[in-house]
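The primary structure of each chain is shown beneath.
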Amino acid sequence: MQDISLHILDIAENSINAAASRIEIKIVEDLKRDLLTVEIRDNGQGMDEETVRRALDPFYTSKPGKRVGLGIPLLAQAAREGGGSFTIKSEPDGGTSLIARFTLSHPDRKPLGDVDGTVHMLQLTHPEITFEYKFVRK
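Described in the following lines is the structure provided in the data block. Every chain is numbered on its own, with residues counted from 1 as its sequence reads. Per-residue local features of the predicted model are confined to residues with pLDDT of at least 70, and side-chain atom pairs are confined, for both listing and counting, to 80 or more; whole-chain, interface and lining totals are unaffected and use all residues. Side-chain numbers here rest on the full set of heavy atoms in the structure, without hydrogens or water.

**Observations regarding the side chain of H7**
In step 1: Mapping H7 onto the fold places it in helix α1 (residues 4-17).
In step 2: Each residue is assigned to one of three classes by its accessible area relative to the maximum for its type, calculated with a 1.4 Å probe on protein chains only: buried under 20%, partly exposed between the two thresholds, exposed over 50%. With relative accessibility at 2%, the residue H7 sits in the buried group.
In step 3: Pairs of N or O atoms within 3.5 Å make up the polar contacts considered here, provided that, within protein, one atom can donate a hydrogen while the other can accept it, and that residues adjacent in sequence are counted only when both atoms are side-chain atoms. Within polar-contact distance, the side chain of H7 engages the side chain of K110 at 3.3 Å.
In step 4: Among residues more than four places away in sequence, those in contact with H7 are M1, L74, L75, A78 and K110. Counting from the N terminus, the helices are DSSP H or I runs at least four residues long and the strands are E runs at least two residues long. We call two residues in contact whenever any of their non-hydrogen atoms come within 4.5 Å of each other.

Okay, structure coming up:
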């Protein structure tokens, strides 16, 4: 994916497929710490420990008829390549939380892209979902 906003779109679609009715997207650009943090939380069906572990495998998907599930593995890879880290927490019937951290000044960090446009498009195409978007610059 060319920019981080496309990763956000893919993860939000995963949340929608997991029956989320609320998706929170928070981006923190911390100039002093040279850190960009992207956090996506949902109240969807969540995953057990085994599924969380397998979600990082690009050859695993829970979607019927698909052979690969690249969204989470690609975001994790982008974070690592951008000098950062990736964590995922989830529990059955408890939703999922993903945090991708990037070093702002890292030469391999992908550009943020049009997150405002991505969130707006999600809101238009999924009016039944509550989206909360917050951008913080420190």
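**Notes on the nonpolar core**
In step 1: In terms of nonpolar packing, the biggest core is built from 32 residues, with I8, I23, F86 and F102 touching the most fellow members.
In step 2: Mapped by element, the contributors of at least two residues to this core are α1, β1 (22-30), β2 (35-42), α2 (49-55), α3 (71-81), β3 (85-90), β4 (96-103) and α4 (115-125).
In step 3: The residues contacting F102, other than those within four sequence positions of it, are I4, D34, L35, L36, V38, L75, A78, A79, G82, G84 and R109. Nonpolar core, defined: a set of buried Ala, Val, Leu, Ile, Met, Phe, Trp, Tyr and Cys residues in which side-chain atoms within 4.5 Å join the residues together.

**Digging into the packing of α1 against α3**
In step 1: Running from N to C, α1 and α3 point in directions that differ by 145°, and their axes come no closer than 9 Å. In this structure, α1 meets α3 at a crossing whose hand is left-handed. Where α1 abuts α3, its residues H7, D10, I11 and N14 lie against G71, I72, L74, L75 and A78.
In step 2: Residue classes follow a fixed rule: Ala, Val, Leu, Ile, Met, Phe, Trp, Tyr, Cys and Pro count as nonpolar, while Asp, Glu, Lys and Arg count as charged, and any other residue, Gly among them, counts as polar. Taken together, the residues of the contact of α1 with α3 sort by class into five nonpolar, three polar and one charged. Only the stretch in contact is used when a helix axis is fitted, and all axes are lines through C-alpha atoms; the angle between N-to-C directions ranges over 0 to 180 degrees. The hand of a helix crossing depends on one turn: near helix anticlockwise from the far one by less than a right angle means left-handed, and clockwise means right-handed.

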